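Take a look at the letters that make up each chain.
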Amino acid sequence: MTDILVVGSGAREHALGWKLGMSPKVGKVFHAPGNGGTANNVNIGVDEIEKLAKFATEQKCLTVVGPEVPLAAGIVNFFTSKGLEIFGPTKEAAQLESSKVWSKNFMKRNGIPTARFEVFDDREEAKKYAESVGYPLVVKADGLAAGKGVIVCDDLEGAVVAIDKIMNEKNFGNAGSKIILEERIDGIEASYIAISDGETAYPMATSQDHKRILDGDKGPNTGGMGAYSPTPVISNEMAEVIQKNVIEKTIGAMKREGMQFKGFIYAGIMIKNDRPYVLEFNARMGDPECQPIMVRMESDLIDYITACIRGTLSSLPKISWSAKSAVCVVLAAKGYPESFPKDEEVLGLDVMQKESIVFHAGTRKVDGRILTSGGRVFGVTATGRTLQEAISNAYARAEKITWPSKYCRSDIGQKGLSYT
Ligand SMILES: Nc1ncnc2c1ncn2[C@@H]1O[C@H](COP(=O)(O)OP(=O)(O)O)[C@@H](O)[C@H]1O
Ligand SMILES: [Mg+2]
């Protein structure tokens, strides 16, 4: 029996802990710091790496890391140096996500399909370049910026404003000192996630996120407002192309460059004219995507995690998936992704609905009551024989959960229904 420490406090970590906890091979699942819905919470922050290592040592845990910040800070390097078992990429390998400049250059030198781009550290030169190109641009800050470092521009004027905004932005420290100007690709976006031991990569189920705050993909970007799996946007043929030309190429090149990538690797993909382009890599699971993927996963996750840590993934069969569809509807606090109220009491969590589960995110438990504590509060996740049925089950459950400033999109999954 293995005890597990899940690092993180979102719905992604709740879903990972829930899935791991169902394994007959897993004992106790601890969450650091966890949330109002997770059991066995340990009051240690995701950036308190030494304290986390001390806990994992004392409890003899295998550690699974959810979010990017501790990965970029080197949690895997530190745990490994202490002889602890931990699942995720090293700090060096996590550069695939933590530096967009590094990542774009990596893709370029290894022939991984991505949008044309240039890197600047001088805003006047960036503006001159923006004036000189004849196509619409996306302006991206280099470093981790919690989803706020990318501005998709409609015209030259917008690009100039975006360059100033990112280079002036003090909110993300040095993240904006270098910027990328990248060609805007107008296609269909989807998520392709795989699990790797540094040599071999097995696909997770396909999924599609809904990144904007408002229905119809309007309004600002968020950490994700809902997702569903599988997505028809990635056909079987397209999945094979992405697996080969993006995932396997990346895993192979990372190894050649001396930084084996172990963990979940997430490619944000834009599909245009039947060709995939990598918008970015994440060195971890997507938060909304993780939930429908976990509820559809039939294989035992701990087997795959253990094999990745030990470098024996190729000895396992491919992961098996339920034929059902799954949908996650994010319930947020109105005002997210800007400012929003907190400490509102949530009701209706005990009203059941078939085939559904509620993963907690920004919640805390006080005297048996659940209070809101973050922008994204729950991921209501449901399955169904069809995507439509999964959507209906998820919204039926979501409706019963109430608090004063509750907000959710009403069209999660519709992109999958309308896609032909
Ligand atoms: N080259 C591009 N063309 C069109 N849209 C883009 C492009 N790059 C990014 N985007 C849009 O911006 C969003 C955020 O960009 P991304 O690179 O994923 O940054 P992050 O997730 O770190 O904020 C993407 O999900 C996509 O919708
Ligand atoms: Mg992204």
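That block above? That's the structure.
Residues numbered from 1 in each chain as written. Chains lettered and ligands numbered in written order. Predicted model: local features only at pLDDT ≥ 70, side-chain atom pairs only at ≥ 80, totals over all residues. Heavy atoms only, no water.

Caption draft 1: Just the pattern of salt bridges, in detail. The full count for this structure, using the stated rule, is 27 salt bridges. Measuring nitrogen to oxygen at the nearest pair gives 3.0 Å for the salt bridge that ties K51 to E48. You can call E48 partly exposed: its relative accessible area is 29%. With a shortest N-O distance of 3.1 Å, R116 and E183 are connected by a salt bridge. Here E183 lies in strand β8 (residues 179-183) and R116 lies in the loop between α6 (100-109) and β5 (117-120), a separation of 67 residues in the sequence. Under the relative-accessibility criterion, R116 is labelled partly exposed at 48%. In this structure, a network of salt bridges that share partners links the residues R123, E124, K127 and D164. (Salt bridge = Lys/Arg side-chain N within 4 Å of Asp/Glu carboxyl O. Buried < 20%, exposed > 50% of the residue type's maximum accessible area, 1.4 Å probe, protein only. Helix = DSSP H or I, 4+ residues; strand = E, 2+ residues; numbered from the N terminus.)

Caption draft 2: Structural context of the environment of Y395. Locating Y395 in the fold gives a position in helix α12 (residues 387-400). Filtering out sequence-adjacent residues up to four positions away, Y395 remains in contact with V329, C408, R409, S410, D411 and I412. Within the structure, Y395 has its side chain in polar contact with the backbone oxygen of R409 (distance 2.6 Å). (Contact = heavy atoms within 4.5 Å. Polar contact = N/O pair within 3.5 Å; in protein donor to acceptor, adjacent residues only side chain to side chain.)

Caption draft 3: Layout of the pairing of strand β15 (residues 262-272). In terms of residue burial, β15 counts as a mostly covered element, since nine of its eleven residues are buried. The sheet contact formed by strand β9 (residues 188-197) and β15 spans ten bridges and is antiparallel. Bridging from a neighbouring strand, S191 pairs with G268 of β15. With seven bridges connecting them, β15 and strand β16 (residues 275-282) associate as antiparallel partners. (Pairing = 2+ DSSP bridges.)

Caption draft 4: Unusual backbone geometry, seen in detail. With omega at -5 degrees, the peptide bond leading from S229 into P230 counts as cis. That bond from Y336 to P337 is cis: its omega, 10 degrees, falls within 30 degrees of zero. A positive phi angle is found at D217, which is not glycine, with a value near 55 degrees. Counting through the fold element by element, D217 comes out in the loop between β12 (212-214) and β13 (218-221).

Caption draft 5: Quick peek at the packing of helix α7 (residues 123-132) against helix α8 (residues 156-168). Close contact between α7 and α8 brings their axes to 10 Å; oriented N to C, the two are set at 160 degrees. As summarised for this structure, α7 and α8 are arranged roughly antiparallel, according to the angle between their axes. Between α7 and α8 the crossing geometry is right-handed. On α8, the residues that touch R123, A126, K127, A130 and E131 of α7 are L156, A159, V160, I163, D164, M167 and N168. (Axes fitted to C-alpha atoms, helices over the stretch in contact; angles between N-to-C directions. Parallel < 35°, antiparallel > 145°, perpendicular 65-115°, else oblique. Left-handed = near helix turned anticlockwise from the far one by under 90°.)

Caption draft 6: Spatial organisation of the nonpolar core. Core analysis: the biggest nonpolar cluster contains 76 residues, and I75 and F378 have the highest contact counts within it. It is helix α9 (residues 236-256) that contributes the most residues to this core, eight residues altogether. Formed by 35 residues, the second largest nonpolar core is a distinct cluster that contains L20, V26, I193 and L313. (Core = buried A, V, L, I, M, F, W, Y, C linked by side-chain atoms within 4.5 Å.)

Caption draft 7: The packing of aromatic side chains, seen in detail. Taken as a whole, this structure holds eight aromatic pairs when the rule is applied. Relative to F359, the ring of W18 has its centre 5.6 Å away and its plane inclined at 70 degrees; by these criteria the two rings are edge-to-face. With a gap of 341 residues between them, W18 in helix α1 (residues 11-21) and F359 in strand β18 (residues 356-360) connect regions that are remote in the sequence. According to the relative accessible area criterion, W18 is partly exposed, its value standing at 26%. (Phe/Tyr/Trp six-rings, centres within 6.5 Å; stacked < 30°, edge-to-face > 60°.)

Caption draft 8: Focus on the layout of surface pockets. Size it by volume and the second largest pocket reaches roughly 210 Å³. If you trace the second largest pocket, you find 13 residues lining it, with T206, I234, S235, N236 and A239 closest to the centre. A total of three residues in the lining of the second largest pocket trace back to one element, the largest contributor, which is α9. Considered class by class, the residues forming the lining of the second largest pocket number nine nonpolar, three polar and one charged. (1 Å grid on protein atoms, 1.4 Å probe; cavity = no way out; pocket = protein on both sides within 12 Å on 5 of 7 lines; lining within 4 Å. Points joined across faces, edges and corners; volume = space filled by probe spheres on them. Nonpolar A, V, L, I, M, F, W, Y, C, P; charged D, E, K, R; others polar.)

Caption draft 9: Local environment of empty space enclosed by the protein. Overall, the coordinates contain two cavities of 30 Å³ or more when judged by the stated rule. In this structure, the largest cavity occupies an estimated 60 Å³ of space. Residue lining of the largest cavity: L96, E97, K100, S103, K104, M107, K140, L279, E280 and F281, and that is the complete set. Residue assignment for the lining of the largest cavity shows that the elements contributing at least two residues are α5 (95-98), α6 and β16. Taken together, the residues of the lining of the largest cavity sort by class into four nonpolar, one polar and five charged. The volume enclosed by the second largest cavity comes to roughly 40 Å³. Around the second largest cavity, the lining residues are V65, L71, F87, G88, P89, F264, A283, R284 and M285.

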